[in-house]
Amino acid sequence: FVASLLYPARALVEMEPGGVPGGWTIAWQIVVSILLEDFGFYWCHRLLHQDFLYGYVHKQHHQFHANVPIAAEYFHPVEDVLNILPTLLGPILLRMHLGTLALWVMIRISEIVDAHSGYSLPFSPWDLLLRIQGGADRHEYHHSHNKGCYGSFTKFWDWVAGTDVEYNEWRAKRLAEKMQGGGKKTD
């Protein structure tokens, strides 16, 4: 919805002089876009969990206490704006080529759907980056406990702000139980 409203702003994201960018340009623009989106999304998502916004805006998204892929796109229109702005920050600032923008959007959607899949799939590229990103398990915790783990691509901002401390304790407890052979589910 919001993307269609922003379509006239496409002039801000236009082809670089000289045509299609090279592989190096595509790569650094994607990395910069990930970093900018990660910063912006963390703070927008954390803002959505403040009392003055949560009940009116973000609660709709949290009607899914367990993640399913459709939850990735189930949110209030105000949240749509707060989600799309960090995603478009890199492409607008970098005046990204349309082809690179299409790749960036595919990467972002892939990450969103994976985070909301409810599964830490062993072949997920996002799970392979577990030390940086954290996998779907972090976002599953976020939905089931409705707190912490606000980041998207990385867990960096959660680490900086200390908003994943409870998740880390919860995960360590689960892993310890699994190692002891208990394997029972903990909340």
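Residues numbered from 1 in each chain as written. Predicted model: local features only at pLDDT ≥ 70, side-chain atom pairs only at ≥ 80, totals over all residues. Heavy atoms only, no water.

A. Structural detail: the overall build of the protein. When helices and strands are tallied, the protein shows nine helices and zero strands. Starting at the N terminus and walking to the C terminus, you meet the elements of the protein as α-α-α-α-α-α-α-α-α. A total of 187 residues make up the protein; the buried ones form 41% of that total. Looking at the protein alone, contacts between residues at least 24 apart form 61% of all its contacts between residues at least 6 apart. Carbon and sulfur atoms make up 68% of the accessible area of the protein, which amounts to about 10900 Å² in all. (Helix = DSSP H or I, 4+ residues; strand = E, 2+ residues; numbered from the N terminus. Buried < 20%, exposed > 50% of the residue type's maximum accessible area, 1.4 Å probe, protein only. Contact = heavy atoms within 4.5 Å. Areas by Shrake-Rupley, 256 points an atom, 1.4 Å probe, with all protein chains shown as cover.)

B. Highlighting the pattern of salt bridges. What the rule picks out here adds up to five salt bridges. Across the salt bridge formed by glutamate 111 and arginine 108, the nearest N and O atoms sit 2.3 Å from each other. Taken together, the residues glutamate 111 and arginine 108, both in helix H5 (residues 98-115) and three residues apart, mark about one turn of the helix. Its relative accessible area of 3% is what places glutamate 111 among the buried residues. Among the ionic pairs, aspartate 164 bridges to arginine 138, the shortest N-O distance being 3.2 Å. Placement of the pair is aspartate 164 in the loop between helix H8 (156-161) and helix H9 (165-179) and arginine 138 in helix H7 (residues 135-145), with a sequence separation of 26 residues. The class of aspartate 164 is buried, set by a relative accessible area of 5%. Its relative accessible area of 7% is what places arginine 138 among the buried residues. It is possible to trace a salt-bridge network through shared partners that takes in Glu37, Arg108 and Glu111. (Salt bridge = Lys/Arg side-chain N within 4 Å of Asp/Glu carboxyl O.)

C. Broad picture of the side chain of serine 152. Mapping serine 152 onto the fold places it in the loop between H7 and H8. A distance of 3.3 Å separates a polar atom in the side chain of serine 152 from a polar atom in the side chain of aspartate 38. (Polar contact = N/O pair within 3.5 Å; in protein donor to acceptor, adjacent residues only side chain to side chain.)

D. Highlighting the nonpolar core. Residues Ile30, Ile34, Met96, Leu101, Trp104, Ile107 and Phe153 constitute the largest nonpolar core, which totals seven residues. Every element with two or more residues in this core is listed here: helix H2 (23-48) and H5. Top element by residues in this core is H5. It accounts for three residues. (Core = buried A, V, L, I, M, F, W, Y, C linked by side-chain atoms within 4.5 Å.)

E. Focus on unusual backbone geometry. A positive phi is found at asparagine 146, a non-glycine position, where the angle reads about 55 degrees. Along the polypeptide, asparagine 146 turns up in the loop between H7 and H8. A positive phi is found at cysteine 149, a non-glycine position, where the angle reads about 50 degrees. Its location among the elements puts cysteine 149 in the loop between H7 and H8. Judged by its relative accessible area of 3%, cysteine 149 is buried.

F. How the structure looks around the confidence of the model for the protein. Confidence along the protein averages 81 in pLDDT terms, with 83% of residues attaining 70 or more. At the low end of the mean pLDDT range in the protein sits helix H1 (residues 2-5), at 49; at the high end sits H2, at 95. (pLDDT = per-residue confidence, 0-100.)

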